Amino acid sequence: MLKIAPSILSADFAYLADEIKKIERAGADWVHIDVMDGLFVPNLTFGAPVVKKIRKVTPLFFDCHLMVESPEKYIADFKAAGADQIVVHAEATKHLHRCVQQIKGEGMRAGVALNPATPLSAVEEMLPYVDMVLLMTVNPGFGGQSFIESMVPKIKRLRRMLEDAGLDADIQVDGGINDKTAKLVREAGANVLVAGSYVYGAEDVQAAIASLKA
Ligand code: DX5
Ligand code: ZN
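Residues numbered from 1 in each chain as written. Chains lettered and ligands numbered in written order. Predicted model: local features only at pLDDT ≥ 70, side-chain atom pairs only at ≥ 80, totals over all residues. Heavy atoms only, no water.

Colleague: Looking at this model, I keep getting lost on the coordination of the zinc ion (ligand 2). Mind explaining?
Modeller: Geometry reference: four tetrahedral donors at a metal, ideal angle 109.5 degrees. Six octahedral donors, ideal angles 90 or 180 degrees. The coordination sphere of the zinc ion (ligand 2), as far as protein atoms go, consists of His-32 (NE2), Asp-34 (OD), His-65 (ND1) and Asp-174 (OD), spread over 2.0 to 2.3 Å. Classification of the site at the zinc ion (ligand 2) as octahedral follows from its 6 donor atoms and the range of 71 to 170° in their angles at the metal. Relative accessible area serves as the criterion here: at 8%, Asp-174 is assigned to the buried category. (Donors = N, O, S within 2.8 Å, 3.2 Å for Na, K, Ca; no water. Tetrahedral: all angles 85-135°; square planar, octahedral: opposite > 155°, others 65-115°. Buried < 20%, exposed > 50% of the residue type's maximum accessible area, 1.4 Å probe, protein only.)

Colleague: Help me out: how do you make sense of the site of ligand 1 in this one?
Modeller: The local shell around ligand 1 holds 20 residues, among which Asp-34, Gly-141, Asp-174, Gly-196 and Ser-197 are the closest. Gly-144 places a polar main-chain atom, nitrogen or oxygen, 2.8 Å from an oxygen atom of ligand 1. Alone, ligand 1 offers 380 Å² of accessible surface; in the complex the protein occludes 100% of this. Elements represented by at least two residues in the shell around ligand 1 include exactly strand S2 (30-36), strand S3 (61-67) and strand S8 (192-195). A per-element tally of the shell around ligand 1 places S2 first, with 3 residues. Along the lines of polarity and charge, the residues of the shell around ligand 1 split into 8 nonpolar, 10 polar and 2 charged. (Near = heavy atom within 4 Å. Polar contact = N/O pair within 3.5 Å; in protein donor to acceptor, adjacent residues only side chain to side chain. Areas by Shrake-Rupley, 256 points an atom, 1.4 Å probe, with all protein chains shown as cover. Helix = DSSP H or I, 4+ residues; strand = E, 2+ residues; numbered from the N terminus. Nonpolar A, V, L, I, M, F, W, Y, C, P; charged D, E, K, R; others polar.)

Colleague: In this structure, what is going on with the packing of aromatic side chains? I would like to understand it.
Modeller: Two measures describe an aromatic ring pair: the distance that separates the ring centres and the angle between the ring planes. Scanning the entire structure with this criterion turns up 2 aromatic pairs. A centroid spacing of 5.6 Å and a plane angle of 70° characterise the contact between Phe-13 and Phe-46, whose relative ring orientation is edge-to-face. One end of the pair, Phe-13, is in the loop between strand S1 (3-6) and helix H1 (16-25); the other, Phe-46, is in the loop between S2 and helix H2 (48-54), and 33 residues separate them in sequence. Phe-46 gets classed as buried once you look at its relative accessible area, which sits at 11%. Above the ring of Phe-62, the side-chain terminus of Arg-55 is found at 3.7 Å from the ring centroid. (Phe/Tyr/Trp six-rings, centres within 6.5 Å; stacked < 30°, edge-to-face > 60°. Lys NZ or Arg CZ within 6 Å of the ring centre and 35° of its normal.)

Colleague: Hey, could you run me through the sheet that holds strand S5 (residues 109-114) in this one?
Modeller: Sheet strands associate in pairs through backbone hydrogen bonding, adopting either a parallel or an antiparallel arrangement. With respect to topology, 8 strands assemble into an open sheet ordered S1-S8-S7-S6-S5-S4-S3-S2, the strand pairing being parallel. The open sheet has two edge strands with one neighbour each: S1 and S2. Averaged over all pairs of adjacent strands, the angle between strand axes in this sheet comes to 25°, irrespective of strand direction. Bridge count between S2 and S3: 7 bridges; the pairing is parallel. Note that in S3 the partner of Met-36 across the bridge is Met-67. Strand contacts of helix H9 (residues 205-213): S1 and S8, with the helix running at about 135° to S1, the strand carrying the most contacts. (Pairing = 2+ DSSP bridges. Axes fitted to C-alpha atoms, helices over the stretch in contact; angles between N-to-C directions. Contact = heavy atoms within 4.5 Å.)

Colleague: Please clarify how the nonpolar core should be interpreted in this entry.
Modeller: Soluble globular proteins: nonpolar side chains tend toward being buried together. Counting 63 residues, the largest nonpolar core has Ile-8, Ile-33, Phe-78, Ile-86 and Ile-177 as its most contacted members. With sequence-adjacent residues up to four places away left out, Ile-33 is seen in contact with Ile-8, Phe-46, Val-51, Ile-54, Phe-62, Asp-63, Cys-64 and His-65. Within the second largest apolar cluster, 11 residues are counted, among which are Phe-61, Met-132, Leu-134 and Val-192. (Core = buried A, V, L, I, M, F, W, Y, C linked by side-chain atoms within 4.5 Å.)

This is the structure we're talking about:
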């Protein structure tokens, strides 16, 4: 099932409620929420208090991408704020299995993210436990970067690994997704597409979201 998850990282934060309503009306499936701590990635965004406020704005699924060190410290806070799914980076926690169990224990969907340079083997033992694997198609930290083409075969290999294991976890891609790269990643086996600057930079947001599915 193909899903489009616009990233509010590229929204105008002064009008965040309107910006979320805009993607809701335009056919977004999920809201992708990029949480950065200035340690795991060289940038800062926002945390659970902001998520709690925007929870009142929309019924859309909240996909929280934690680009933070030791994400296990924040899981309960994000649950309380209204997160539906938490995605943690394999590179950011010493105990990935425990962290995923903690997310599931809070009643949320759990995902694991891999940076472009991190091999699939980093998540291989976790595949039976996760609802989604996020393959970064840029280095995390900023919106508006260029898609790293060599991630396409990585997506294909992950889809094959999942199929061989009889698993149907979602494969999400994040970074540099536009109408052209969307086609490449969909054909490779990705089924959840994050897009920030492409969606929020569009004149016609509805057409932009539709073009990611076409
Ligand atoms: C990057 C974030 C992305 C970002 C994508 O660190 O994880 O979600 O918003 O932005 P675009 O789609 O502009 O590459
Ligand atoms: Zn993201």
